[in-house]
Amino acid sequence: MDMGDMGNSSSSDSMGMGAGSEHACKISMMWNWNTIDACFISEQWHIRSKADYAGSIVGIFFLVILVEWTRRASREYDRRIVREYEAMVKGYEARASGVAAHDSTAKLDAGASASLAPFRPTLVQQLIRSLFYVAQFGAGYMMMLLAMYYNGGIIFAIFAGAFVGHFTSSWDTVGHNEVVQKDCCC
């Protein structure tokens, strides 16, 4: 039975790769410089002109910069909540030492503040930290998917965006004696 007469397109035609399709998506998993009719992520991201391609390159460039600035914002937020915690501890110590002049039992409280548990974010703070993380993770995943098209322009945009984004957003870490968390045990 010839199923082509039923009016339904085959699965390869639905992906824009059917023979005879005038503007079929060019998807290559090998190094390429495809511009017109290249497709990225989905059929809806179908490049139909050089202006579409240039716009995609610029958009990806700024997406990568945005990821780097999101990392910076995440670091700044972490610093802010740690500063707030340290201010709270200092306030507690100041109140305890002020009472110590009047009450000898307050000296025990002042000494106890030095042994407070390490900082642990509140539920809301951890939710905000997690939102920063998922934004970075999601955008990084999209960049990885884009890189897998091995399109020279796309990869250039990713690398250039990473360079500019890191250059403009990472000066905050120079000279700080912060403990850097590692994702592994080494």
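This is a predicted model, so every value here is computed, not measured. (Residues numbered from 1 in each chain as written. Predicted model: local features only at pLDDT ≥ 70, side-chain atom pairs only at ≥ 80, totals over all residues. Heavy atoms only, no water.)

A.B. asks: Would you explain helix H5 (residues 152–169) in this entry?
C.D. replies: For an α-helix, the turn length of 3.6 residues means that residues three or four places apart are oriented alike. With 18 residues, H5 should reach 26 Å at 1.5 Å per residue; the first-to-last C-alpha distance of 25 Å fits that figure. At the N-terminal end of H5, a side-chain oxygen is found 3.0 Å from the backbone nitrogen of Gly153, two or three residues along, and the residue is Asn151. (Helix = DSSP H or I, 4+ residues; strand = E, 2+ residues; numbered from the N terminus. Expected span 1.5 Å × (residues − 1). Polar contact = N/O pair within 3.5 Å; in protein donor to acceptor, adjacent residues only side chain to side chain.)

A.B. asks: What am I meant to see in the side chain of Ser169 here?
C.D. replies: Structurally, Ser169 is set in helix H5. Discounting residues that sit within four places of it in the chain, Ser169 has contacts with Glu68, Trp69, Arg72 and Arg75. (Contact = heavy atoms within 4.5 Å.)

A.B. asks: Quick question: what am I supposed to make of the state of the cysteines here?
C.D. replies: One way to say it: the disulfide is the covalent bond shared by the sulfur atoms of two cysteines. This model, assessed by the stated rule, comprises 1 disulfide. In this model, Cys25 is linked to Cys39 through a disulfide, with the two sulfur atoms separated by 1.9 Å. Its S-S torsion of about -65° marks the bond between Cys25 and Cys39 as left-handed, since a negative value means left-handed. Pair noted here: Cys25 is in the loop between helix H1 (11–14) and strand E1 (39–40) and Cys39 is in strand E1, with a separation of 14 residues, a long-range link. Of the two residues, Cys25 and Cys39, both sit in the buried class. (Disulfide = S-S within 2.5 Å. Buried < 20%, exposed > 50% of the residue type's maximum accessible area, 1.4 Å probe, protein only.)

A.B. asks: In this structure, what is going on with empty space enclosed by the protein? I would like to understand it.
C.D. replies: One simple way to see leftover space: roll a probe sized like a water molecule over the atoms. Here the structure, examined in full by the defined rule, presents 1 cavity of 30 Å³ or more. The calculated volume of the largest cavity comes to roughly 40 Å³. If you trace the largest cavity, you find it lined by Lys26, Ile27, Ser28, Asn32, Asn34, Ala38, Phe40, Tyr149 and Asn151. Across the lining of the largest cavity, the residue classes tally to 4 nonpolar, 4 polar and 1 charged. (1 Å grid on protein atoms, 1.4 Å probe; cavity = no way out; pocket = protein on both sides within 12 Å on 5 of 7 lines; lining within 4 Å. Points joined across faces, edges and corners; volume = space filled by probe spheres on them. Nonpolar A, V, L, I, M, F, W, Y, C, P; charged D, E, K, R; others polar.)

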